[in-house]
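# Structure at a glance
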Amino acid sequence: MTEVPNDNQARPSASVREAGSYPIDLTGPHSHTLVIRPGVGSLSIGPSQLGKKADLHVAPDARIDWTVFEAFATPAGSPWPRFLYYTGSDAGFLDWAQKRPIEEMTWAPILSADTLVDASQSILYGLHIELGQSGGRLSLRLPKRSFRLNVSGDLSRFLATGDMPFSLTLAPLTSRRKSDPPFILPDLGELHQVTSLTLQNAPLGQPISLDCLDRFPNLDSLSLWGNFCDMDLLARHARLTNLELRFMPGLEDMPPLNTWPLLDRFIAYNVEETAGKRLRQQMKARAKTRPWTDHASVSQLRKPEWWPSEYGRPFSSWPKRLAKQANEAYNVAQAALAQARSFVDAEAAITAFTVRFNTLKGIETTEREDLGEAVWQLSQSDHLIGQPITEEMAQCWFDAARDY
């Protein structure tokens, strides 16, 4: 929350541990009021466009005095906030973290030009970098101390050098369509030397090709989330001691578990049913010849129809009230399209779906993109026209009917 503090509010003293409102000099004298709520250990800082997603609003290029937070502590006496989320260009938190450790830092850099930042002396236990699709490239000198690194978004904008994190998580920006050509992971330079890697993707999004794993010669731990292809290439990584598969609808080409003789830990969770049953049998068979020394389980096996019902529509991140209305409108449009015998009928169904949202509050850029994706999905659903509804045709109907 950002507001101009009044003169009657007390200035924070060292080790403030109580909930309350405190004036701070974040970007200048008395620039912000920090509101600490009971039991909340996180703080988000970013541009006013983030609205309520940011607790403190600052301009994207504002210089921040990170030391103002040294006055605050948790009830137990550890540094507060424990988790920081920042959207902007000021990398000064890395210098601050040389003396004041940060438990978890999430940074969405807004960069007008290519930028080099040095975290080599910073004390960061977890660093998350969220990269949008525009702006300069970020080159990061990695901390020398042990830490976890998570990079998401447009990975082509990121380069890292220095000491390797003990764990690397990559969540590249992929398209929403599983029919698109496989996503190829960009060159990540020195990060290919990590030993523990997690790759995250949407369950029904554009698949990520596992051909990229050949660039990671030192892997002993691999965790996969979502939709991937070229699963058979996992057989090239016989040194794995840990393998985890989560929310994966396609495991047809998965090699048998005896491919990895050193495997001590195995998890398959929320995976497609047929492959899951096969993996469960292999897991039990392996236990008879060499007992698992760590956790091994196969659970939450899913039938084919579960995936589109759970992840098929683009409203999962919407507020519940809006998502409910969107799904109801989608159901009506899908039923109408199932009876459509002409393009006129199809246009009427998609137009009726589109105009439902013209009077709804909260339809911003992200929601508009989601609705455009929903219109494309509807155009691919069953109908009686006898020829396909093209993406261009559906998009034209959508644009003509929307006011958002």
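One structure accompanies this document, and this report is about it. Within each chain, residue numbers correspond to sequence positions counted from 1 in written order. The model is predicted, so local features are restricted to residues of pLDDT at least 70 and side-chain atom pairs to those at 80 or more, both for listing and for counting; the totals for chains, interfaces and linings are taken over all residues. The side-chain figures draw on all heavy atoms in the structure; neither hydrogens nor water molecules are used.

## Brief notes about the packing of aromatic side chains
- Each Phe, Tyr or Trp ring (for Trp, its six-membered ring) is paired with any other whose centre lies within 6.5 Å, and the angle between the two planes then decides the class: stacked below 30 degrees, edge-to-face above 60, tilted in between. Inspection of every chain in the model, using the stated rule, returns 20 aromatic pairs.
- A centroid spacing of 5.7 Å and a plane angle of 85° characterise the contact between Phe 247 and Tyr 269, whose relative ring orientation is edge-to-face. One end of the pair, Phe 247, is in strand β17 (residues 242-248); the other, Tyr 269, is in strand β18 (residues 265-272), and 22 residues separate them in sequence.
- Relative accessibility under 20% of the residue-type maximum defines a buried residue, over 50% an exposed one, and the middle range a partly exposed one, all with a 1.4 Å probe and only protein chains included. You can call Phe 247 buried: its relative accessible area is 18%.
- Plain terms: the ring middles of Phe 315 and Trp 318 are 5.0 Å apart, the flat faces sit at 65° to each other, and that makes the pair edge-to-face. Of the two residues, Phe 315 and Trp 318, both sit in the buried class.
- Members of the aromatic cluster, joined through ring pairs, are Trp 66, Phe 69, Tyr 86, Phe 93, Trp 96 and Trp 107.
- In this arrangement the basic side chain of Arg 177 is found over the ring face of Trp 376, its NZ or CZ atom lying 3.8 Å from the centre.
- Whether a charge sits over a ring comes down to the Lys NZ or Arg CZ being within 6 Å of the ring centre and within 35 degrees of the ring normal. When the ring centre of Trp 292 is taken as origin, the NZ or CZ atom of Arg 286, which lies over that ring, is 3.7 Å away. Helix and strand definitions here come from DSSP, where helices need a minimum of 4 consecutive H or I residues and strands a minimum of 2 consecutive E residues; each element is numbered from the N-terminal end.

## Things to note about the packing of helix α4 (residues 320-338) against helix α6 (residues 365-379)
- Remark: α4 packs on α6, axes separated minimally by 10 Å, with the N-to-C direction vectors making an angle of 25°. Here α4 is positioned roughly parallel relative to α6, judged by the angle of their axes. At the point where α4 passes α6, the crossing takes the right-handed sense. Across the interface between the two elements, Tyr 330, Ala 333, Gln 334 and Leu 337 from α4 touch Ala 374, Gln 377 and Leu 378 from α6.
- In this classification, Asp, Glu, Lys and Arg are treated as charged, Ala, Val, Leu, Ile, Met, Phe, Trp, Tyr, Cys and Pro as nonpolar, and every other residue, Gly included, as polar. Residue composition of the contact of α4 with α6, grouped by class: 5 nonpolar, 2 polar and no charged. Convention adopted: a line fitted to C-alpha atoms gives each axis, helices being fitted over their contacting stretch, and angles between N-to-C directions are expressed from 0 to 180 degrees. Throughout, the term roughly parallel applies to angles under 35 degrees, roughly antiparallel to angles over 145, roughly perpendicular to angles from 65 to 115, and oblique to all others. Left-handed is the label given to a crossing in which the near helix is rotated counterclockwise from the far helix by less than a right angle, and right-handed is the label when the rotation is clockwise. In this description, contact between two residues means that some pair of their heavy atoms is separated by no more than 4.5 Å.

## Notes on the environment of Glu 104
- With respect to the secondary-structure elements, Glu 104 resides in strand β6 (residues 104-109).
- Glu 104 gets classed as buried once you look at its relative accessible area, which sits at 14%.
- Along the sequence, Glu 104 and Leu 84 sit 20 residues apart, while their C-alpha atoms lie 6.3 Å from each other.
- Each residue touching Glu 104, except ones within four places of it in the same chain, is listed here: Arg 82, Phe 83, Leu 84, Gly 126, His 128 and Arg 148.
- A distance of 2.8 Å separates the side chain of Glu 104 from the side chain of His 128, its partner in a polar contact. In protein, a polar contact means a hydrogen-donor-capable atom and an acceptor-capable atom, both N or O and within 3.5 Å, with residues adjacent in sequence counting only if both atoms are side-chain atoms; elsewhere, any N or O pair within 3.5 Å suffices.

## Observations concerning the environment of Gly 226
- Position of Gly 226 among the secondary structure elements: in the loop between β15 (221-225) and β16 (228-229).
- Residue classification places Gly 226 among the buried residues on the basis of a relative accessible area of 1%.
- Taking the C-alpha atoms as reference points, Gly 226 and Arg 246, 20 residues apart in sequence, are found 6.6 Å from one another.
- With near-sequence residues (within four places) excluded, Gly 226 lies in contact with Asn 201, Ala 202, Pro 203, Arg 246, Phe 247, Met 248 and Pro 249.

## Concerning the side chain of Ser 379
- Position of Ser 379 among the secondary structure elements: in helix α6.
- According to the relative accessible area criterion, Ser 379 is buried, its value standing at 2%.
- A distance of 2.5 Å separates a polar side-chain atom of Ser 379 from the backbone oxygen of Trp 376.
- In this structure the side chain of Ser 379 is engaged in a polar contact, spanning 3.1 Å, whose partner is the side chain of Gln 380.
- Ignoring sequence-local partners within four residues, the contact set of Ser 379 consists of Ile 389 and Ala 394.

## Looking at the sheet that holds strand β7 (residues 115-118)
- Taken together, the 3 strands give an open sheet; going across it, the order is β7-β9-β11, and neighbouring strands pair in parallel fashion. Strand pairing shows two members of the sheet lacking a second neighbour, β7 and β11 (158-162), which therefore form its edges. Within this sheet the neighbouring strands show an average axis-to-axis angle of 20°, counted without direction.
- Pairing between two strands is assigned when DSSP locates at least 2 bridges connecting them. When strand β9 (residues 138-142) meets β11, the two strands line up parallel, connected through 5 bridges. Bridge assignment links Leu 142 to a residue of β11, and that residue is Gly 162.

## Let's talk about the state of the cysteines
- The disulfide criterion used throughout: a pair of cysteine sulfur atoms within 2.5 Å. Under the counting rule described, the total for this entry stands at 0 disulfides.
- Of all cysteine sulfurs, the one in Cys 229 lies closest to Cys 212, which takes part in no disulfide; the gap is 9.4 Å.

## Section: a negative patch on the surface
- A cluster of acidic residues, Asp 230, Asp 232, Glu 252 and Asp 253, forms a negative patch at the surface.
- Among the secondary structure elements, Asp 253 is positioned in the loop between β17 and β18.
- Taking the relative accessible area as the measure of exposure, Asp 253 reaches 47% and is therefore partly exposed. The patches described consist of residues with a relative accessible area above 30% and no salt bridge, like charges being joined within 9 Å and nonpolar side chains (Val, Leu, Ile, Met, Phe, Trp, Tyr) within 5 Å. Note that accessible areas follow from Shrake-Rupley with a 1.4 Å probe, and for residues the cover is restricted to the protein chains shown. By definition here, a salt bridge exists when the distance from a side-chain nitrogen of Lys or Arg to a carboxyl oxygen of Asp or Glu is within 4 Å. Charge convention: Lys and Arg are scored as positive, Asp and Glu as negative, and His as well as the terminal groups of each chain are ignored. Where a charge lies is defined by one atom per residue type: Lys uses NZ, Arg uses CZ, Asp uses CG and Glu uses CD.

Just geometry here; none of it tells us what the structure is for.
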